[in-house]
Amino acid sequence: MCKVCSVNKVPLTGSSRRPNADNTPYFEKRQRLDPPSHATASSALNWAPPPSRLPHQAVAAPSTPALSCLDPFGPSRHISTPHQGQTVPKSFNSLQVYAGDHLSRQMVELFEACQQQSIDLERKEVFRARLQEDIQSIFSVARLYLTGSSMNGLGCRSSDADLCLVITGNKKPDPVSVLSRLRKLFRKLSYVEGTCLIRAKVPILKFKEKGSDLEFDLNINNTVGIRNTFLLRSYAHADPRVRPMILVVKKWACHHQINDASKGTLSSYTLVLMVLHYLQSLFSSYACFSLQDCFSPCMEIDMVPEGSTHVPPYISRNQSSLGELLLGFLRYYASEFSWDKRVISVREATAFPKTYAQEWRKKFICVEEPFERNNVARAVHEKLKFDAIKAQFVQSSMKLQARRDLNSILPLRAIINKEALRR
Ligand code: UTP
Ligand code: MG
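Described below are features of the structure shown in this document. (Residues numbered from 1 in each chain as written. Chains lettered and ligands numbered in written order. Predicted model: local features only at pLDDT ≥ 70, side-chain atom pairs only at ≥ 80, totals over all residues. Heavy atoms only, no water.)

Here we look at helix H8 (residues 268–282)
Step number 1: Taking 1.5 Å of rise per residue, the 15 residues of H8 would be expected to cover 21 Å, and the 21 Å separating its terminal C-alpha atoms lies within 8% of that figure.
Step number 2: With eleven of 15 residues buried, H8 is to be regarded as a mostly interior element.
Step number 3: Of the positions making up H8, those classed as buried are Thr270, Leu271, Val272, Leu273, Met274, Val275, Leu276, His277, Tyr278, Leu279 and Gln280.
Step number 4: Looking at the packing, one finds that the buried side of H8 touches helix H6 (224–236), helix H7 (242–255), helix H9 (322–336), strand E6 (342–345), strand E7 (350–353) and helix H10 (383–403). (Helix = DSSP H or I, 4+ residues; strand = E, 2+ residues; numbered from the N terminus. Expected span 1.5 Å × (residues − 1). Buried < 20%, exposed > 50% of the residue type's maximum accessible area, 1.4 Å probe, protein only. Contact = heavy atoms within 4.5 Å.)

Here it is, written out as structure tokens:
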């Protein structure tokens, strides 16, 4: 495998990227839409480059990393309490620009109260490093990576920690037998409890940090999760409205019990892609806003975080407030999106027509995984669940439209109080 394919030039493996309407290469087109000259002092505040490294991905430093290396963008800090001399991210400051109305202010309030903090990530990272050391006693070449919302900038204080154990070698290990061995090992570890093996399509081991509410999901060699974590992380930091939008949508979906793939509804990952698709379709200069080319699938895993450094500055011409975005998101899926005819593709920054491919045929909701191109919404296989999801979009859209108050679609105070009790 190549170390880093020259990111913009190497075509995606097996790629059949739809050409842009005028066949202009993506980056060229973006530059045309958003020339550097637009990056005036004030508009530049709208964008901050996402972090490029995981603290634990320093190849030669598998032990506990210097936690002070934690970047200022991943674990978010309260605007009022910047610490360790670090400045508040500019992207965070500029969020206020989009929160002039009551609904938007409520969204910011929820975001500030619930977003993952540095201390949460530090705790996960310490646990990861300790666990990696213990795992290496039986799988000496194994490396453990934190993925999912803990790392992609879209986490809450209460989010679980997703882990990917990468075991390289000539022979592809069987995930279930590796997880069975790990389960035995974990039972002997003083800091782990509640280990449970789930034999799903991607088998996982669930467990908790002893004596706390911190939950972990560990998979074996599902490296696409590392790639898409950094892809999402780049989108999350492309515009200051993305993270609060996604957090509010996750809380909304959770409250209405449509955010649980194990119960036939939407995974958080699916919801995130749905929000990104809506934003791509809305922001005029997002029309060709796909960051896929910065994350070539032939990049070695340790180089994936570097992909973020190839993301060009993005400044949206769309100036909608957070509240307007939320209303638009609900309305889009309540009445505009053709569930039966379209496949949501963040990779292509569009919703392309459903084909008869196995992946999309007879599926209620089709959301393409940006790297593997399978359907991440396949868990929604019951008509009843699909109807419940659509009904939530319709009802919430109507309620929010009428009242313009976040409390009309979720219990704001109760969620904030619950989150405050965590950790
Ligand atoms: P989750 O759905 O748990 O998302 O998937 P999350 O972002 O961690 O959300 P919360 O905060 O726990 O609710 C975790 C990760 O698993 C991978 C993605 O990397 C995702 O970020 N994943 C999940 C896939 O690759 N494919 C899927 O279909 C689902
Ligand atoms: Mg998670």
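Let's talk about the pattern of salt bridges
If charged atoms from side chains of opposite charge come close, those side chains can pair.
Step number 1: Applying the stated criterion to the full structure yields 14 salt bridges.
Step number 2: Measuring nitrogen to oxygen at the nearest pair gives 3.6 Å for the salt bridge that ties arginine 143 to aspartate 302. Pair noted here: arginine 143 is in strand E1 (residues 143–147) and aspartate 302 is in the loop between H8 and H9, with a separation of 159 residues, a long-range link.
Step number 3: On the basis of relative accessibility, which here comes to 23%, the residue aspartate 302 falls in the partly exposed class.
Step number 4: In this structure, lysine 383 and aspartate 387 form a salt bridge, with 2.9 Å as the shortest nitrogen-oxygen distance. A residue pair is termed a helical-turn pair when its members lie 3 or 4 positions apart in one helix, as lysine 383 and aspartate 387 do in helix H10 at four residues.
Step number 5: For aspartate 387, a relative accessible area of 29% puts it in the partly exposed group.
Step number 6: Several salt bridges converge on common partners, so that one network encompasses Arg347, Glu348 and Glu368. (Salt bridge = Lys/Arg side-chain N within 4 Å of Asp/Glu carboxyl O.)

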